[in-house]
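A structural walkthrough
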Amino acid sequence: MRRNLILMCGISLIVAFTANASVKQADTEIDFLGGWSTFNFEDNGDLDLLFLSSSVGYFMTDNVQISGSLLGAWLDIEDEDLEIWGIGGKAKYHFTPEKQYVPYVGAQISYTNVDAEDVGDENGILWGPMFGLRYELNEYNDFYVEYQYQMYDGDIGDIIDDASMIVFGIVHRFE
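Parameters at a glance
- Residues numbered from 1 in each chain as written.
- Predicted model: local features only at pLDDT ≥ 70, side-chain atom pairs only at ≥ 80, totals over all residues.
- Heavy atoms only, no water.
- Phe/Tyr/Trp six-rings, centres within 6.5 Å; stacked < 30°, edge-to-face > 60°.
- Helix = DSSP H or I, 4+ residues; strand = E, 2+ residues; numbered from the N terminus.
- Buried < 20%, exposed > 50% of the residue type's maximum accessible area, 1.4 Å probe, protein only.
- Lys NZ or Arg CZ within 6 Å of the ring centre and 35° of its normal.
- Patch = residues over 30% accessible without salt bridge, like charges linked within 9 Å, V, L, I, M, F, W, Y side chains within 5 Å.
- Areas by Shrake-Rupley, 256 points an atom, 1.4 Å probe, with all protein chains shown as cover.
- Salt bridge = Lys/Arg side-chain N within 4 Å of Asp/Glu carboxyl O.
- 1 Å grid on protein atoms, 1.4 Å probe; cavity = no way out; pocket = protein on both sides within 12 Å on 5 of 7 lines; lining within 4 Å.
- Points joined across faces, edges and corners; volume = space filled by probe spheres on them.
- Nonpolar A, V, L, I, M, F, W, Y, C, P; charged D, E, K, R; others polar.

Examining the packing of aromatic side chains
Considering all chains together, one arrives at five aromatic pairs under this definition. With 4.9 Å between their ring centres and 45 degrees between their planes, Y101 and Y135 make a pair best called tilted. Taken as a pair, Y101 in strand 5 (residues 101-116) and Y135 in strand 6 (residues 120-136) lie far apart in primary sequence, 34 residues in all. An angle of 40 degrees between the planes, with centres 5.4 Å apart, marks the rings of F131 and Y147 as tilted. Linking F131 in strand 6 with Y147 in strand 7 (residues 141-154), this pair joins segments that are 16 residues apart in sequence. When its relative accessible area of 26% is taken as the criterion, Y147 is described as partly exposed. One Lys or Arg, K92, reaches over the ring of Y144 and ends 5.6 Å from the middle of that ring.

So, in structure tokens, the structure goes:
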């Protein structure tokens, strides 16, 4: 009897954790990501990097999300400061929105400004693919990890070629 009761409780917990839809049509959400890195080079000094980003997204369908985003990055390279600002958008396709783990692919594009002490202001476009995995923490909050490949065009492309980033963030959903 106890064994059956424990088995039933275990099955109920599994069903309860997988039954909730992590994302669904008409949900609106806000997400935040950020990070800090420091690199020490033997011959070329140090590099410090701080980056922050935020997006407001809307689910057009259970799978498709569009969002507007802001980003900022601050680099300190051998006592030279470099600031990067951007505004743009993202589109993501979520593969299994009814599960607790939700993989997705997407693309981003942003108008970007770089302010460097030696070069001055440079403008251009940041764009590229992304993919990630969301994990539902509770009914309104998700944790995510995302890979972004960023390419730069325009004047900013003369300063930065491309970038690969793995970022971590948190999402808060409004229904």
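Structure's up, so let's keep going.
Topic: a nonpolar patch on the surface
There is a patch of nonpolar side chains on the surface, built from F32, L137, F143, I166, F168 and I170 and spanning about 590 Å² of accessible area. At three residues, strand 8 (residues 162-174) tops the list of elements feeding residues into the nonpolar patch. Relative to the elements of secondary structure, I170 occurs in strand 8. Look at I170 and you get partly exposed, because its relative accessible area is 37%.

Description of empty space enclosed by the protein
Empty pockets left among the atoms are what a rolling probe the size of a water molecule brings to light. Scanning all chains against the criterion turns up one cavity of 30 Å³ or more. Volume-wise, the largest cavity comes out at about 70 Å³. Contributing to the lining of the largest cavity are E29, D31, S55, G57, Q65, S67, K92, Y104, R134, Y144 and V171. For the lining of the largest cavity, the secondary-structure elements that each account for two or more residues are strand 1 (28-41), strand 2 (45-59) and strand 3 (64-77). Within the lining of the largest cavity, the residues separate by chemical class into three nonpolar, four polar and four charged.

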